Amino acid sequence: MSNMTKNEARQRRKIRIRKKISGTSERPRLVVFRSNAHMYAQVVDDMTHATLVSASTLTLSKGGEPVHCNKAGAELVGKEIARLAKEKNISRVVFDRNGYLYHGKIKAVADGAREGGLEF
């Protein structure tokens, strides 16, 4: 068995995923990242290498009440990214789980974004 760290394993999975998906201007990529303290989501157009919109538990906490990096916070990030994307007339995206397993907080972001009206 290899001595791969959790993060190295995630980076490997990430590469495998990114071979298959890439964001276009018609259908940008919704990518999620989670650190120990926060949850981040951004919509990226890989053709122009530009981040179109981004949201995180960090930016949501700036409004006053802190938003924690739990499932509820993750869902709020999903709803916020959907709201911001709608403002920029983005309704269809491809979801990039960034090497994370699709459950828990990652799934909560996806569900929140779908609830906010994004299609993927």
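Residues numbered from 1 in each chain as written. Predicted model: local features only at pLDDT ≥ 70, side-chain atom pairs only at ≥ 80, totals over all residues. Heavy atoms only, no water.

Peer 1: Residues and numbers for the overall build of the protein, please.
Peer 2: If you tally the helices and strands in the protein, you get 4 helices and 4 strands. Against the 2.2 N^0.38 benchmark of 14 Å for 120 residues, the protein shows a C-alpha radius of gyration of 14 Å, consistent with a compact globule. Along the first, second and third principal axes, the C-alpha atoms of the protein reach 45 × 35 × 20 Å. The contacts in the protein between residues at least 6 apart in sequence include a share of 59% that link residues at least 24 apart. When the accessible surface of the protein is split by element, carbon and sulfur atoms take 52% of a total near 7,200 Å². The centroid of the 23 positive side-chain charges in the protein is displaced by 8 Å from the centroid of its 12 negative side-chain charges. (Helix = DSSP H or I, 4+ residues; strand = E, 2+ residues; numbered from the N terminus. Rg over C-alpha atoms; globule rule 2.2 N^0.38 Å. Contact = heavy atoms within 4.5 Å. Areas by Shrake-Rupley, 256 points an atom, 1.4 Å probe, with all protein chains shown as cover. Lys, Arg positive; Asp, Glu negative; His and termini not counted. Charge placed at Lys NZ, Arg CZ, Asp CG, Glu CD.)

Peer 1: Report on the pairing of strand β1 (residues 29–34), specifying residues and quantitative values.
Peer 2: Two strands pair when backbone bridges link them, and β1 and strand β2 (residues 39–45) are joined in this way by 6 bridges, in the antiparallel orientation. When the bridges of β2 are listed, V32 appears paired with A41. As paired strands, β1 and strand β4 (residues 94–96) are joined by 3 bridges and run parallel to one another. Counted as the bridge partner of R29 is V94 from β4. (Pairing = 2+ DSSP bridges.)

Peer 1: So, the side chain of T57: which residues are in play, and what are the values?
Peer 2: Topologically, T57 is positioned in helix α2 (residues 57–61). Setting aside residues up to four positions removed in sequence, T57 forms contacts with A37, H38, M39, V67, H68, C69, G73 and V77.

Peer 1: Give a detailed account of the pattern of salt bridges, specifying residues and quantitative values.
Peer 2: In this structure the tally under the stated criterion is 10 salt bridges. For the salt bridge of D96 with R29, the shortest nitrogen-to-oxygen distance reads 2.7 Å. Pair noted here: D96 is in strand β4 and R29 is in strand β1, with a separation of 67 residues, a long-range link. Comparing D96 with R29, the two get one shared label, buried. Here the residues in one salt-bridge network are R18, R29, D46 and D96, joined through shared partners. (Salt bridge = Lys/Arg side-chain N within 4 Å of Asp/Glu carboxyl O. Buried < 20%, exposed > 50% of the residue type's maximum accessible area, 1.4 Å probe, protein only.)

Peer 1: Would you mind going over the environment of I81 in detail, with residue names and values included?
Peer 2: Structurally, I81 can be placed in helix α3 (residues 71–87). The class of I81 is buried, set by a relative accessible area of 0%. As for I81 and T48, which are separated by 33 residues in sequence, their C-alpha atoms are 20 Å apart.

Peer 1: Provide a residue-level description of a positive patch on the surface, including the pertinent values.
Peer 2: On the surface, R12, R16, K19 and K20 cluster together into a patch of positive charge. Checked against the element boundaries, R12 lands in helix α1 (residues 6–20). (Patch = residues over 30% accessible without salt bridge, like charges linked within 9 Å, V, L, I, M, F, W, Y side chains within 5 Å.)

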